[in-house]
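The primary structure of each chain is shown beneath.
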Amino acid sequence: LDELAGDLDAIEAANGVRERFQRVAGDPVGAGQASSWRRASDNPISARARELIITCEVSSQSAYERRYENPVHPGAQSGVTIGIGYDLGYFSPQEFGAQWGTVLDPTTIATLSSVCGLKGADAQTALPSVASVVVSWTQALSQFDNFLRYAVGKTEDTFRNSAELHPTALG
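Our subject in this report is the structure included herewith. (Residues numbered from 1 in each chain as written. Predicted model: local features only at pLDDT ≥ 70, side-chain atom pairs only at ≥ 80, totals over all residues. Heavy atoms only, no water.)

## A few points about the packing of aromatic side chains
According to the stated counting rule, one finds five aromatic pairs in the structure shown. Note on Tyr-86 and Phe-96: the rings are 6.2 Å apart at their centroids and 45° apart in plane angle, and the pair reads as tilted. Linking Tyr-86 in strand 2 (residues 86-87) with Phe-96 in helix 5 (residues 93-100), this pair joins segments that are ten residues apart in sequence. Phe-96 shares its class with Tyr-86; the two are buried. Relative to Trp-100, the ring of Phe-96 lies with its centre 6.3 Å away and its plane at 45°, an arrangement referred to as tilted. Here Phe-96 and its partner Trp-100 are both found in helix 5, four residues apart, which amounts to about one turn of the helix. Per residue, the accessibility class of Phe-96 equals that of Trp-100, and both read buried. Lys-119 extends its terminal NZ or CZ atom over the ring of Tyr-90, reaching a point 4.1 Å from the ring centre. (Phe/Tyr/Trp six-rings, centres within 6.5 Å; stacked < 30°, edge-to-face > 60°. Helix = DSSP H or I, 4+ residues; strand = E, 2+ residues; numbered from the N terminus. Buried < 20%, exposed > 50% of the residue type's maximum accessible area, 1.4 Å probe, protein only. Lys NZ or Arg CZ within 6 Å of the ring centre and 35° of its normal.)

## A look at the nonpolar core
The biggest cluster of nonpolar side chains holds 33 residues, and the ones touching the most others in it are Leu-88, Phe-96 and Trp-100. Contributing elements (two or more residues each) for this core: helix 3 (47-58), helix 4 (61-68), helix 5, helix 6 (106-113), helix 7 (120-126) and helix 8 (137-158). The element that contributes the greatest number of residues to this core is helix 8, accounting for six residues. Other than its neighbours up to four places away in sequence, Trp-100 contacts Ile-82, Gly-83, Tyr-86, Ile-109, Val-135, Gln-139, Ala-140 and Gln-143. (Core = buried A, V, L, I, M, F, W, Y, C linked by side-chain atoms within 4.5 Å. Contact = heavy atoms within 4.5 Å.)

## Re the side chain of Asp-87
Residue position: Asp-87 is located in strand 2. Buried charge Asp-87 goes without a salt bridge, the closest partner of opposite sign being Lys-119 at 7.4 Å. Within the structure, Asp-87 has its side chain in polar contact with the backbone nitrogen of Gly-79 (distance 2.8 Å). (Lys, Arg positive; Asp, Glu negative; His and termini not counted. Salt bridge = Lys/Arg side-chain N within 4 Å of Asp/Glu carboxyl O. Polar contact = N/O pair within 3.5 Å; in protein donor to acceptor, adjacent residues only side chain to side chain.)

## Topic: helix 5
Residues of helix 5 that are buried: Phe-96, Gln-99 and Trp-100. Summarising the axial view, the buried residues of helix 5 lie within an arc of 80°, below the 170-degree limit, and thus occupy one face. Counted as exposed and oriented over 90 degrees from the buried face of helix 5: Gln-94 and Ala-98. On its buried side, helix 5 packs onto strand 1 (81-82), strand 2, helix 6 and helix 8. (Arc of directions from axis to C-beta.)

## A word on the packing of helix 3 against helix 8
Two numbers describe how helix 3 lies on helix 8: the axes approach to 12 Å, and their chain directions differ by 125°. Looking at the two axes, helix 3 sits oblique to helix 8. For the crossing formed where helix 3 meets helix 8, the hand is right-handed. Contacts between helix 3 and helix 8 involve Arg-50, Ile-53, Ile-54 and Val-58 from the former and Trp-137, Leu-141, Phe-144, Asp-145 and Leu-148 from the latter. (Axes fitted to C-alpha atoms, helices over the stretch in contact; angles between N-to-C directions. Parallel < 35°, antiparallel > 145°, perpendicular 65-115°, else oblique. Left-handed = near helix turned anticlockwise from the far one by under 90°.)

## Structural notes on helix 3
Along its twelve residues, helix 3 runs 16 Å from first to last C-alpha, staying within 8% of the 16 Å computed at 1.5 Å per residue. Taken together, the buried positions of helix 3 are Ala-49, Ile-54, Thr-55, Glu-57 and Val-58. Once helix 3 ends, the next one or two residues include Ser-59, with phi positive near 80°. (Expected span 1.5 Å × (residues − 1).)

Dropping the structure here:
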C-alpha cells in the first residue's frame, strides 16, 4: 500500500481506466453515486480498508494537497470532482448541499452547486469557474467518512450477506 501511495502516476492511470468504463442501460452500478445515499450502515469497515480506498482515490494527504485540493475533471463522462472522489456530476445542488453543508461554507456550496449535474465536456468547460475553490484535506476526510456509511449501506443492500463479512473484506 505504501508503494502504491507513492506512485501517483499508477493511481491516476487506474482512475483514468475506471473513468472510461461505459455503463450499460439497466446496470445498477450505472445508476450513479447518488444512489449510494439511500441508507447508512452501522457496520464499520476496518482502518486498513479505509486507507486502501483513500490511497486508490488520491494516494496520500501530501498528494491530495498538491493535486486535488482544488476541483478537478478526471476525464471521460465524469463531472467536476472534489474531495476524495466526490463527483459533482452525479448529484443535484440540493443533494450536494445536504451532503457537504456541515463541511463547507455556504458560499463554497453555492459556487460548486453551479457544476452539479454536469458531466464530460460540459464539466470540463465549467471547471475554470470553480477552479479557485479549496477543499482541505480535513474537509475531504470529514465528508468521506460520512459517505462511507452510505457506501457500506449500498453494499449491504446489493449483496445481502455482506454484513457478515469481516470489516476489512466489507471495505
